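Each chain is listed here by its residues.
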Amino acid sequence: MSAASLAPQLGGALLLSGVAVAVSGRRELLIRWCAWAAGVPLVTAAFWWGPPGAAVVAVLAGVVAALEFGGLTRLGRADRTVLAAGVSAVVLSAWLLPGEVFRVAAVAALAVAAVPLLAGDGDRGLHRLGAGLLGLVWLSPLAALVPLGAGALALFVAVSVADIVAYFAGRRLGGPPLSPLSPAKRWSGTLAGAAAGLAALALLTALSWPMVIAVAVGGPAGDLIESMVKRGAQVKDAGRWLPGSGGLLDRIDSLLIALALLLVLR
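Residues numbered from 1 in each chain as written. Predicted model: local features only at pLDDT ≥ 70, side-chain atom pairs only at ≥ 80, totals over all residues. Heavy atoms only, no water.

**Here's the deal with the overall build of the protein chain**
Operational definition: Strands are runs of DSSP state E lasting at least 2 residues, helices are runs of H or I lasting at least 4, and numbering of each runs from the N terminus. C-alpha atoms define the radius of gyration in this analysis, and the globule rule sets the expected value at 2.2 Å times the number of residues to the power 0.38. Classification of residues uses two cut-offs on accessible area relative to the type maximum, computed with a 1.4 Å probe and protein chains only: under 20% is buried, over 50% is exposed, and between them is partly exposed. In this description, contact between two residues means that some pair of their heavy atoms is separated by no more than 4.5 Å. Each accessible area value is a Shrake-Rupley result obtained with a 1.4 Å probe; residue values ignore everything except the protein chains displayed when judging cover. In this tally, Lys and Arg are treated as positive and Asp and Glu as negative; His is ignored, and so are the chain termini. Where a charge lies is defined by one atom per residue type: Lys uses NZ, Arg uses CZ, Asp uses CG and Glu uses CD.
Helices and strands together make up the secondary structure of the protein chain, namely eleven helices and two strands. The C-alpha radius of gyration of the protein chain comes to 18 Å, within 12% of the 18 Å expected for a compact globule of 266 residues. With the C-alpha coordinates of the protein chain rotated into their principal frame, the extents come out at 55 × 40 × 30 Å. Residue burial in the protein chain is summarised as follows: out of 266 residues, 46% are buried. When contacts within the protein chain are restricted to residue pairs at least 6 apart in sequence, those whose partners lie at least 24 apart make up 72%. Accessible area of the protein chain: about 13100 Å², with a carbon and sulfur share of 71%. The protein chain carries 19 positive and 12 negative side-chain charges, and their two centres are separated by 6 Å.

Shown next as structure tokens:
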């Protein structure tokens, strides 16, 4: 699989979804579709470039997501900076030094822990340490974009389709909630979303049992993790700059755990 082989399918999906959004007449869906129409070609072109392009996408996403996560967990500037640098280092090692990824991740974890320790923060030090390490573990799977290449692009499309279908199907079908962390999400929507995500994988010729588990289990788990973080911060979205989606973390939360699961299963 390559980005070139996915490009026609992604273009067709954008066109069909644009027609569906236009027919629905819903402004919020139109705003979200416009963001997708601008972002998908850029990301696809980056993956077309190969590992360097995937690394650029992963670093940019990691830095933005780290800053958003730092805002949600009320980390200071130094904590956010070191967290963003640590995630970037893990991503770059996956590209330039693939045999040293775990060593680089360990160094990044020590750097994140060193910030509150060196500051001598006895009041919020434990919170800063825990939040920083959680952020590093949660965001570092972005490094998998480099070795997975177009496979990661197909995974992102599948978890995004699953997320959208889960939202609308859950509202229509009802039933028991998926978790107290996110009462609006229903088991019915999660199952419908998983089926839609697997159908997307099949259309992209990327269907395999590790991808199935990554989409069906990793996607909802990633969404719940962000719900937990946002509930603790008492906010609705991780940011306000991405039209129709809040922040970048709101858009890639499902992808992060899906990537981690895919790495483990592969």
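**A closer look at the pattern of salt bridges**
Just so we agree on the cut-off: For this document, the term salt bridge refers to a Lys or Arg side-chain nitrogen within 4 Å of an Asp or Glu carboxyl oxygen.
Inspection of every chain in the model, using the stated rule, returns seven salt bridges. The partner of Arg 128 in a salt bridge is Asp 79, and the shortest N-O contact between them spans 3.0 Å. In this pair, Arg 128 is assigned in helix H6 (residues 125–139) and Asp 79 in helix H4 (residues 77–96), connecting sequence segments 49 residues apart. Each member of the salt-bridge network shares a partner with another, and the members are Asp 79, Asp 121 and Arg 128.

**Notes on the packing of aromatic side chains**
To keep things clear, this is the line we draw: Between 30 and 60 degrees the pair is tilted, below 30 it is stacked and above 60 it is edge-to-face, where a pair is any two Phe, Tyr or Trp rings, Trp via its six-membered ring, whose centres lie within 6.5 Å.
Throughout the structure, instances matching the rule amount to two aromatic pairs. Pairing Tyr 167 with Phe 168 gives two aromatic rings, centres 5.0 Å apart and planes at 80°, and the pair type is edge-to-face.

**Let's talk about the nonpolar core**
This is how it is decided: Nine residue types can take part in a nonpolar core, namely buried Ala, Val, Leu, Ile, Met, Phe, Trp, Tyr and Cys, and a core is a set of them joined through side-chain atoms within 4.5 Å.
Counting residues in hydrophobic clusters, the biggest one holds 62 residues, and the most contacted among them are Leu 142, Leu 145, Leu 155, Leu 249, Ile 252 and Leu 259. In this structure, Leu 249 is in contact with Ala 65, Glu 68, Phe 69, Leu 72, Trp 138, Leu 139, Glu 226, Ala 238 and Leu 256, ignoring residues within four places of it in sequence.

**Section: empty space enclosed by the protein**
Here the idea is plain: a probe the size of a water molecule rolls over the atoms and shows the empty space left. The condition is simple: A cavity, in this analysis, means grid points on a 1 Å lattice covering only the protein atoms where a 1.4 Å probe fits yet has no way out; a pocket is instead an open set bounded by protein on both sides within 12 Å along at least five of seven lines, and a residue lines either one if it has an atom within 4 Å of a point. Grid points are joined across faces, edges and corners, and a volume is the space filled by probe spheres set on the points. Ten residue types, Ala, Val, Leu, Ile, Met, Phe, Trp, Tyr, Cys and Pro, are classed as nonpolar, four, Asp, Glu, Lys and Arg, as charged, and the remainder, Gly among them, as polar.
Under the counting rule described, the total for this entry stands at one cavity of 30 Å³ or more. Put simply, the largest cavity is a space of about 30 Å³. Here the lining of the largest cavity takes three residues from H4, the largest share from any one element. Of the residues that constitute the lining of the largest cavity, the class distribution is five nonpolar, one polar and two charged.

**Things to note about the packing of helix H3 (residues 51–72) against H6**
This is how the line gets drawn: Axis lines are fitted to C-alpha atoms, over the contacting stretch for helices. Their N-to-C directions set the angle, which ranges from 0 to 180 degrees. By definition in this entry, angles of less than 35 degrees are roughly parallel, angles greater than 145 are roughly antiparallel, angles of 65 to 115 are roughly perpendicular, and the rest are oblique. Note: crossing handedness is left-handed where the near helix turns anticlockwise from the far helix by less than a right angle, and right-handed where it turns clockwise.
Running from amino to carboxyl end, H3 crosses H6 at an angle of 150°, the nearest separation of the two axes being 11 Å. Considering the angle they form, H3 stands roughly antiparallel to H6. As for the relative orientation of H3 and H6, their crossing is right-handed in sense. In this structure, H3 contributes Gly 62, Ala 65, Ala 66 and Phe 69 to the contact, and H6 contributes Ala 131, Leu 134, Gly 135, Trp 138 and Leu 139.

**Notes on the environment of Ala 158**
Examined against the element boundaries, Ala 158 turns out to sit in helix H8 (residues 150–173). For the pair Ala 158 and Gly 219, spaced 61 residues apart in sequence, the C-alpha to C-alpha distance is 9.2 Å. Setting aside residues no more than four positions away along its own chain, Ala 158 makes contact with Gly 197, Ala 200, Leu 201 and Val 215.

**Here we look at the pairing of strand S2 (residues 182–186)**
Selection criterion: For two strands to be treated as a pair, DSSP must find no fewer than two bridges joining them.
Looking at chain direction, strand S1 (residues 177–179) and S2 are connected through two bridges and run antiparallel. Looking across to S2, one finds that Pro 177 is bridged to Arg 186. In this antiparallel pair of consecutive strands, S1 and S2, the connection spans two residues.

**Some words on the side chain of Ser 227**
Tracing the chain through its elements places Ser 227 in helix H10 (residues 209–233). Beyond its immediate stretch of four places on either side in the chain, Ser 227 contacts Leu 181, Ser 182 and Lys 185.

**Some thoughts on H6**
Rule in force here: Residue count minus one, scaled by 1.5 Å, sets the expected span of a helix.
Over its 15 residues, H6 runs 21 Å from end to end, which matches the ideal 21 Å to within 8%, given 1.5 Å per residue. Buried within H6 we find Gly 125, Arg 128, Ala 131, Gly 132, Gly 135, Leu 136, Trp 138 and Leu 139.

**Some thoughts on a nonpolar patch on the surface**
Put simply, the test is: Here, patches come from residues exposed beyond 30% relative accessible area and free of salt bridges, joined within 9 Å for like charges and within 5 Å for nonpolar side chains (Val, Leu, Ile, Met, Phe, Trp, Tyr).
Nonpolar side chains collect at one region of the surface, where Leu 92, Trp 95, Leu 96 and Leu 97 lie side by side and expose about 370 Å² of accessible area between them. Assignment of secondary structure puts Leu 92 in helix H4. With relative accessibility at 34%, the residue Leu 92 sits in the partly exposed group.

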